[in-house]
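Observations on the model geometry
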There are 2 protein chains.
Amino acid sequence: MTYELFYWPGLPGRGECVRLALEEAGVEYIDYARLPEEKGGGVSGVTRILGAEAGTRPSFAVPVLRDGSLVIGQTPAILQYLGDRLGLAPREPSDRLWCHQIQLTLGDFMDEIHDTHHPLGASLYYADQKPEARKRAEVFREVRLPKLLGWLERVAVASGSHWLVGDRVGYADLTLFQCVEGLKYAFPKAARRALAEAPAVVTLAARVAERPNIAAYLVSDRRLAFNEDGLFRHYPELDGEA
Amino acid sequence: MTYELFYWPGLPGRGECVRLALEEAGVEYIDYARLPEEKGGGVSGVTRILGAEAGTRPSFAVPVLRDGSLVIGQTPAILQYLGDRLGLAPREPSDRLWCHQIQLTLGDFMDEIHDTHHPLGASLYYADQKPEARKRAEVFREVRLPKLLGWLERVAVASGSHWLVGDRVGYADLTLFQCVEGLKYAFPKAARRALAEAPAVVTLAARVAERPNIAAYLVSDRRLAFNEDGLFRHYPELDGEA
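Before going into details, it helps to say that this report is about the structure given with it. Please read all numbers here as calculations on a predicted model, not as lab measurements. (Residues numbered from 1 in each chain as written. Chains lettered and ligands numbered in written order. Predicted model: local features only at pLDDT ≥ 70, side-chain atom pairs only at ≥ 80, totals over all residues. Heavy atoms only, no water.)

**Some words on the interface of chain A and chain B**
- Listed as interface residues are 47 residues of chain A and, on the opposing side, 47 residues of chain B.
- Between chain A and chain B lies a buried interface of about 4,100 Å² when both sides are counted; carbon and sulfur atoms form 58% of it.
- The three residues of chain A that bury the most area against chain B are Arg57, Phe60 and Leu97 of chain A, which together make up 18% of that side's buried surface.
- Linking chain A with chain B are four salt bridges, by the criterion used here.
- Measuring nitrogen to oxygen at the nearest pair gives 2.7 Å for the salt bridge that ties Lys135 of chain B to Glu132 of chain A.
- Taken together, the links from chain A to chain B amount to 20 residue pairs in polar contact (both at pLDDT 80 or more).
- Contributing elements (two or more residues each) for the side of chain A that touches chain B: β4 (70–73), α3 (75–86), α4 (93–117) and α5 (130–159) of chain A.
- Of all the elements, α5 of chain A adds the most residues to the side of chain A that touches chain B, at twelve residues.
- Partitioned by chemical class, the residues of the side of chain A that touches chain B number 23 nonpolar, 13 polar and eleven charged. (Contact = heavy atoms within 4.5 Å. Buried area = accessible area lost by both parts, 1.4 Å probe. Salt bridge = Lys/Arg side-chain N within 4 Å of Asp/Glu carboxyl O. Polar contact = N/O pair within 3.5 Å; in protein donor to acceptor, adjacent residues only side chain to side chain. Helix = DSSP H or I, 4+ residues; strand = E, 2+ residues; numbered from the N terminus. Nonpolar A, V, L, I, M, F, W, Y, C, P; charged D, E, K, R; others polar.)

**What about the sheet that holds strand β1 (residues 3–6) of chain B?**
All names here are of chain B.
- Read from one edge to the other, the open sheet built from four strands follows the order β2-β1-β3-β4, with strand pairing classed as mixed. Strand pairing shows two members of the sheet lacking a second neighbour, β2 (29–31) and β4 (70–73), which therefore form its edges. Taken pair by pair, the neighbouring strands of this sheet meet at an average axis angle of 20°, ignoring direction.
- Looking at chain direction, β1 and β2 are connected through three bridges and run parallel. Its bridge partner being in β2, Tyr3 is matched across the sheet by Tyr29.
- Its contacts with the sheet place helix α3 (residues 75–86) against β1, β3 (64–67) and β4, and it is angled at close to 130° to β4. (Pairing = 2+ DSSP bridges. Axes fitted to C-alpha atoms, helices over the stretch in contact; angles between N-to-C directions.)

**Some remarks on the packing of helix α1 (residues 15–25) of chain B against helix α6 (residues 171–186) of chain B**
Residues and elements named next belong to chain B.
- Axis separation between α1 and α6 bottoms out at 9 Å; the angle between their running directions is 125°. Here α1 is positioned oblique relative to α6, judged by the angle of their axes. The crossing of α1 and α6 is right-handed. Across the interface between the two elements, Glu16, Cys17, Leu20, Ala21 and Glu24 of α1 pack against Leu174, Thr175, Phe177 and Gln178 of α6.
- In the contact of α1 with α6, the residues fall into five nonpolar, two polar and two charged. (Parallel < 35°, antiparallel > 145°, perpendicular 65-115°, else oblique. Left-handed = near helix turned anticlockwise from the far one by under 90°.)

**Details of the side chain of Arg233 of chain A**
All names here are of chain A.
- Along the polypeptide, Arg233 turns up in the segment after α9 (212–218).
- Of the side chains with opposite charge, Asp229 lies nearest to the buried Arg233, which makes no salt bridge, at 5.5 Å.
- Among the polar contacts made by the side chain of Arg233, one reaches the main-chain carbonyl oxygen of Glu228 at a distance of 3.2 Å.
- Within the local environment of Arg233, its side chain forms a polar contact with the side chain of Tyr235, the two groups lying 3.2 Å apart. (Buried < 20%, exposed > 50% of the residue type's maximum accessible area, 1.4 Å probe, protein only. Lys, Arg positive; Asp, Glu negative; His and termini not counted.)

**Description of the side chain of Thr116 of chain A**
Residue and element names in this part refer to chain A.
- If you trace the backbone, Thr116 turns up in helix α4.
- A distance of 2.6 Å separates a polar atom in the side chain of Thr116 from the backbone oxygen of Ile113.
- When near neighbours in sequence (up to four residues on either side) are disregarded, Thr116 contacts Ala133, Arg136, Ala137, Phe140, Phe187 and Leu238.

**Observations concerning the pattern of salt bridges**
Residue and element names in this part refer to chain A.
- All told, the structure shown has 32 salt bridges over all chains when counted by the stated rule.
- Close ionic contact of Glu4 with Arg66 constitutes a salt bridge, the shortest N to O distance being 2.9 Å. Taken together, the residues Glu4 in strand β1 (residues 3–6) and Arg66 in strand β3 (residues 64–67) connect sequence positions 62 residues apart. With respect to class, Glu4 is no different from Arg66; both count as buried.
- Between Arg222 and Glu23 there is a salt bridge, with its nearest N and O atoms 2.8 Å apart.

**Quick word on the relation of the copies chain A and chain B**
- When chain A is fitted to chain B, the residual RMSD is 0.0 Å, and the transformation amounts to a turn of 180° plus an axial shift of 0.0 Å. The transformation relating the two chain copies, once decomposed into turn and shift, fits a two-fold axis. Using C-alpha coordinates, one finds that chain A approaches the rotation axis most closely at Pro119 of chain A, a distance of 2.7 Å.
- Mapped onto chain B, 100% of the interface residues of chain A are again interface residues, and the two copies thus contact each other with one and the same surface. (Least-squares fit on C-alpha atoms with pLDDT ≥ 70 in both.)

As structure tokens, this is what we get:
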């Protein structure tokens, strides 16, 4: 069965965490975000999977993964499901829980990054909340970013392995990579400072980029560039002083 | 083995989702938030479990559950773990995933409620972000609350049962109850309007309150009242017009 991924077209967003898992595993998948509207892709794919095709178990938002008759929403739940099937999750129950806990915290991290440019709500434009975004981004740069990266560094060091959990790459490693890349794009100055204090995180992200399937994906036209429609946005006014 | 719960003292917060599961199941647990500092409770319990006692798998934040040598952070991960052990999770894999997906979306719902009073960041006081909180709360009341409750209503109706997933109460039902109670406390006017459009959600929350163990818990001194230190805060200026 071919996996089907539904997500907004034109931005990596949270959907990219799912794509990285599918790409690392080298499995076939249909990425509706990259199909034209007339083939059921683009925004119409999102509308369909959240509406008419949702049945009795509608997801609140995308990304949504469909595997045959099973439809799953929420990035951490999708990755927990795929992790087992694609060899990207630990086997031991306590390791599985720990991997999931890291993923959930990375998800919170991404929420905080999103809210730097949308502190008043995702239903308003950035242009309508620029002064508030400046304030929230300052708190993020000064307080939250060092705290979150400090925690991640502690976890990466304490794992005692090349990866966050156990001796093989897992879905949380892939999301860590995406977070590091996104931070470097969105906050080049603040990220440089913060990442200098998190060498184990930087090394782990580099290891992900060197995985053969990931390396091939990153230079392919399937990989979407970061941009100002997504979760990681580069607005120089939110990046603080050099 | 007695479960041990670590959370901030004096506020229900996200820790209450874990408490409700433990109370519904009627199991013994040590609630460090309710123990005095000299017995390792209160803030010192939080500091300890996130620091000195965290070992190689530190949680980023509380709630944290300890079960023997296993330490778990992140509310959805804790509930997934407890759900299996306390009979509060479905048995069938696709039902388990769906239950977890609902819990994750309720967690996002609670994040949005929190951010109505802390749009610029949790490290600042409410008094330092009142104008921004008014704007964010308006977006929440007008856009997000109807959307989130509308989704939850659709899910409750589509389940075709007394509960969100399957024919027995689960951890997501308990969290739904807490969300409804918290909304009524924090936004009495806006919640009344929004809940009038979500009768299945209201009925389901009432069913949770009638569970014998939950009913006994709610009138016990173990149940913490909502207050303005917690996630659900009642600030009349954020509740809009009648």
